Amino acid sequence: MSVHTDIRGNVHNEAWWRDAVIYQIYPRSFFDANGDGEGDITGIIKKLGYLRHLGVDAIWLSPFYPSPMADGGYDVADYCDVDCRFGTLSQFDELVHKAHAADIKVIVDIVPNHTSNVHPWFKEALAQGPESAAASRYVFRRGRGRDGQLPPTNWLSNFGGSAWEPCGDGWYYLHLFAKEQPDLNWDSREVRDEFLRILKFWCDRGVDGFRIDVSHGLAKDLSTPLRDRVDPTVMGPQAADGSDPIWDRDAVHAIYREWRELFNRYNPPKYAIGESWSPFTPRIFQYARQDELGAVFDFSLSKAYWDREEYRTSIGRTHDFAVEAGTSPTWVLGNHDVPRAASRLGLPIGASINTWVTSNGTIPRIDPDMAHRRARAAALIMLGLPGTAFVYQGEELGLPEDFDLTPDEIQDPNWERSGHRFKGRDGCRVPLPWNAQDPAFGFNTTGRSWLPQPEWFARYAESSEEHTEGSTWQLYRDALELRHRWVARADGDVSFEWVNDALRGGLPLAWRLPSGMTVLANFSHEEASEVSGDYPALQVLLSSDPHLEQGSQVSVVPPNTAVWCCER
Ligand code: NOJ
């Protein structure tokens, strides 16, 4: 670990992120200070006290840039400004300043794979034609077949349908997401320089780091003729050798080496974490190399069934690969793209845990109490692991997914592009409930809300959670506080050891941290084995089942429960 003192005498720990808890804010749905029905920057400023009280180390803001919102702001029209629905640049500066004063770091989302179709570059490209220099910042190609009636390749959009949109005279442009999100051409030096400028712009404004959207998608193989994909329906790399024409190509790493040079010019260096989806875990960790982004998301917990073996395997794999790459493991239970843990974890094993919720009544039955119980246990599992943990807004309230949005309420482009097969991701993006009695459950004072909140949100309102003994909010707050002493290590050490063999019956999943804390997680429906054998007597530090009191001796672990304990 290296510590650095700046010219004002402030001491910075360069590796602050290695054991941090990073709270993801989806600005549109967090807190709405001006009452227009959409959250805003001032709303975030107003809730800094809340975040500090909760105990998070950093906030990551999903995009707040000017955008027509074709994909919730991941369609950026201007990378160096704030959308007026969210506020102004000076309010952003105020947020950074006040967050830092509250000892909270600020991470922003960078969307380099595509721009909005109303970005000046794309408008220029359309105006000047597909063979113009302006168009070479994007990917324009002539279609196949007579007069180009067919798209140039079989590539599909992640949101459904072809990834090629016709733009006249047999020409098409590439969009791996919505058609309002044209893909940039990262072979272009101008594109690369522009992003270095954008990153520098935010670095100079004082942000502490970046979350890189679709980080594994920038370096397509655009050599002529373009290659079809072997199986176009597989969204993500199909082979572990970088041979896919779109995803996770080796050439992408050179881009991040340039970015790292920029990030390292700051003191402390800027943090960067890649959103790289791939079934080939070892390749994912290449993005986390020290001369590249330095960190990468591992989403295995956000996809795992509530199953002991699955958790054990994914935790072990994530941890080992991270250590090998010289980074910290990252732990994610949810984000703005996946159904909320407090619903997902109630699915029976084997039921579809597609990241997209189907619209036609095929959502498997979820037992809400079970889901709630397991989500609390999962929180102690995630926060009881060394590394960087990500908490998605509302997770600390135990907020479930809203499955009830009607077709005319849905805004996710997945819905239209999938021919109404997938409702999409709006169910985890509904504005947060802050106060059961207030309009819009305290999201604002006017009662407006860009996505309707269901009546049952009242039960999860933050104000009641915060003051209720044994609530999920209190569980998170206690866990975040205890984590400093028992889990986080200032020296960046992320080691732990599995201790199942020391436990009779071996039913709970168990690991021990160098601090002496042991985590026991029972995934079954039965009381888990006695904790005895050669293992020292343990007492409860924190339990996801509120009936196991702090300080009591642990003899059994209740079903669907995780317990943090220390030796008596
Ligand atoms: C990943 C983001 O998390 C998601 O919300 C977005 O739709 C896609 N990237 C495209 O930008």
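Up top you'll find the structure we're talking about.
Source: prediction; values computed, not measured.

(A) Focus on the overall build of the chain. Tallying secondary structure elements over the chain gives 14 helices and 20 strands in all. Relative to the globule expectation of 24 Å for 568 residues, the C-alpha radius of gyration of the chain, 24 Å, shows essentially globular dimensions. The dimensions of the chain, computed from C-alpha atoms along their principal axes, are 75 × 50 × 50 Å. The buried share of the chain, taken over its 568 residues, is 61%. Look at the contacts in the chain between residues 6 or more apart in sequence, and 67% of them connect residues 24 or more apart. Accessible surface, the chain as shown: approximately 21400 Å² in total, 49% of it carbon and sulfur. For the chain, the centre of its 56 positive side-chain charges and the centre of its 81 negative side-chain charges are spaced 2 Å apart.

(B) Structural context of the pairing of strand 8 (residues 171–174). Side chains of strand 8 alternate between two faces, with W171 and Y173 and Y172 and L174 buried alike. In this structure, strand 7 (residues 164–166) lies alongside strand 8, joined through 3 bridges in antiparallel fashion. Residue pairing in the sheet places W164 in a bridge with L174 of strand 8. Where strand 7 hands over to strand 8, the hairpin turn is made up of 4 residues, of which G168 adopts a positive phi near 100°.

(C) Spatial organisation of the sheet that holds strand 6 (residues 140–142). Judged by pairing direction, the sheet is antiparallel, and its 3 strands sit side by side in the order 6-8-7 without closing on themselves. Here the strands that pair on one side only, and so sit at the sheet edges, are strand 6 and strand 7. Going across the sheet, the axis of each strand differs from the next one's by a mean of 35°, ignoring polarity.

(D) Just the nonpolar core, in detail. In this structure, Y23, W202, W259, Y311 and W564 are the most contacted members of the largest nonpolar core, which totals 144 residues. Top element by residues in this core is helix 11 (residues 368–383). It accounts for 8 residues. In contact with Y311, other than residues within four places in its own chain, are L301, A304, Y305, W306, L333, L345, A378, I381, L509 and F523. Counting 15 residues, the second largest nonpolar core, distinct from the first, contains V139, W155, F159 and W247.

(E) The arrangement of the site of the ligand in detail. Near the ligand you find 14 residues, and of these D71, D213, H336, D337 and R425 are the closest. Here an oxygen atom of the ligand and a side-chain polar atom of H336 are 2.8 Å apart. Alone, the ligand offers 300 Å² of accessible surface; in the complex the protein occludes 97% of this.

What counts as what
- Residues numbered from 1 in each chain as written.
- Predicted model: local features only at pLDDT ≥ 70, side-chain atom pairs only at ≥ 80, totals over all residues.
- Heavy atoms only, no water.
- Helix = DSSP H or I, 4+ residues; strand = E, 2+ residues; numbered from the N terminus.
- Rg over C-alpha atoms; globule rule 2.2 N^0.38 Å.
- Buried < 20%, exposed > 50% of the residue type's maximum accessible area, 1.4 Å probe, protein only.
- Contact = heavy atoms within 4.5 Å.
- Areas by Shrake-Rupley, 256 points an atom, 1.4 Å probe, with all protein chains shown as cover.
- Lys, Arg positive; Asp, Glu negative; His and termini not counted.
- Charge placed at Lys NZ, Arg CZ, Asp CG, Glu CD.
- Pairing = 2+ DSSP bridges.
- Axes fitted to C-alpha atoms, helices over the stretch in contact; angles between N-to-C directions.
- Core = buried A, V, L, I, M, F, W, Y, C linked by side-chain atoms within 4.5 Å.
- Near = heavy atom within 4 Å.
- Polar contact = N/O pair within 3.5 Å; in protein donor to acceptor, adjacent residues only side chain to side chain.

Don't take any of this as a statement about function, it's just geometry.
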